[in-house]
Amino acid sequence: MKASDAVQFLTQFASLQGRLVRQYLDVCNPRDREGFRDAPMGTLSTDGRTWKYQRHGAGVAFVDLSGIRVNAHVGMAEHPEGVDGGRLFEYLDSLGLSVVIFGDREYDVTKSEMDRMMEDMVQGGLLRATMTSGRFSHRIFELVRSSSDLNSGDNVSGF
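Rules of the game
- Residues numbered from 1 in each chain as written.
- Predicted model: local features only at pLDDT ≥ 70, side-chain atom pairs only at ≥ 80, totals over all residues.
- Heavy atoms only, no water.
- Helix = DSSP H or I, 4+ residues; strand = E, 2+ residues; numbered from the N terminus.
- Buried < 20%, exposed > 50% of the residue type's maximum accessible area, 1.4 Å probe, protein only.
- Contact = heavy atoms within 4.5 Å.
- Areas by Shrake-Rupley, 256 points an atom, 1.4 Å probe, with all protein chains shown as cover.
- Phe/Tyr/Trp six-rings, centres within 6.5 Å; stacked < 30°, edge-to-face > 60°.
- Expected span 1.5 Å × (residues − 1).
- Arc of directions from axis to C-beta.
- Pairing = 2+ DSSP bridges.
- Axes fitted to C-alpha atoms, helices over the stretch in contact; angles between N-to-C directions.

Re the overall build of the protein
- Scanning the protein for helices and strands turns up four helices and nine strands.
- Starting at the N terminus and walking to the C terminus, you meet the elements of the protein as β-α-β-β-β-β-α-β-β-α-β-β-α.
- The proportion of buried residues among the 159 residues of the protein is 45%.
- Taking as baseline every contact in the protein between residues at least 6 positions apart, the subset at least 24 positions apart corresponds to 45%.
- Just so you have it, the protein exposes about 7800 Å², and 48% of that area is on carbon and sulfur atoms.

Focus on the packing of aromatic side chains
- Enumeration over the complete set of coordinates arrives at four aromatic pairs.
- Their ring planes at 80° and their centres at 5.1 Å tell us that Y24 and Y53 sit as a pair that is edge-to-face. Of this pair, Y24 sits in helix α1 (residues 6-28) while Y53 sits in strand β3 (residues 49-56), and the two are 29 residues apart along the sequence. Across this residue pair, the class does not change: Y24 and Y53 are buried.
- Centre to centre, the rings of Y53 and F62 are 6.3 Å apart; their planes meet at 55°, and the pair counts as tilted.
- Taken together through their ring pairs, the aromatic side chains of Y24, Y53 and F62 make up a single cluster.

Considering helix α3 (residues 111-123)
- Across its 13 residues, α3 extends 19 Å between first and last C-alpha, which sits within 8% of the 18 Å expected from 1.5 Å per residue.
- Within α3, burial applies to E113, M114, M117, M118 and M121. Within α3, the buried residues cover an arc of 145° as seen down the axis, which keeps them to one side.
- Against the buried residues of α3 lie α1, α2 (85-94), β6 (99-102), β7 (105-108), β8 (127-131) and β9 (139-143).
- With its phi angle positive at about 85°, G125 sits one or two positions after the end of α3.

Side note on the sheet that holds strand β1 (residues 4-5)
- Spatially, the three strands line up as an open sheet ordered β1-β6-β7, and their pairing is mixed. Both outer strands of the open sheet, β1 and β7, are each paired with one neighbouring strand and no more.
- Where β1 meets β6, two bridges bridge the pair, whose relative direction is parallel. Looking at β6, one finds that S4 is bridged to V100.
- Along the sheet, α3 contacts β6 and β7; its crossing angle with β7, the most-contacted strand, is approximately 145°.

Remarks on the pairing of β3
- Relative to β3, strand β2 (residues 42-46) is paired through five bridges, and the arrangement is antiparallel. Along β3, the bridge assignment pairs T43 with K52.
- Once β2 ends, the chain turns through two residues before running back antiparallel as β3, passing D47 with a positive phi of about 55°.
- As paired strands, β3 and strand β4 (residues 59-64) are joined by six bridges and run antiparallel to one another. If you follow H56 over to β4, its bridge partner there is G59.
- Counted along the chain from β3 to the antiparallel partner β4, the turn is two residues long, and its residue G57 has a positive phi close to 45°.

All we've got here are geometric facts, nothing functional implied.
Now the structure itself:
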């Protein structure tokens, strides 16, 4: 696929992940909201699409019937829309993207390039870094400005 706007895909991903995580938490109601050891495998539907989910490590991987992957992990109950380079890499790779553009730079869709892009987005005011709590502490990022806000100067908190 050709190079695409990273902000558009990041916003799309964070929103989708948030909807999937919230629905998963509502449906499964796990007592262990850090490691999800008491949550079964299963399916759920959102936005007219069916997603299979499977617990792993400290998170849950969601895969739809076309192979699109949303891998929500450490801190997903605390930060449903939280992103990191690895999560975004898996999602963009499952979409078949090889390059995304942020600002005037192209980033290859690799884990290391997505990590670099996250840092550049923090510097650009699009993301803010935060640490998750609990025994699986992890640095994640939250969207604070959308692409339209970057042009208007408005500050957006969350989604």
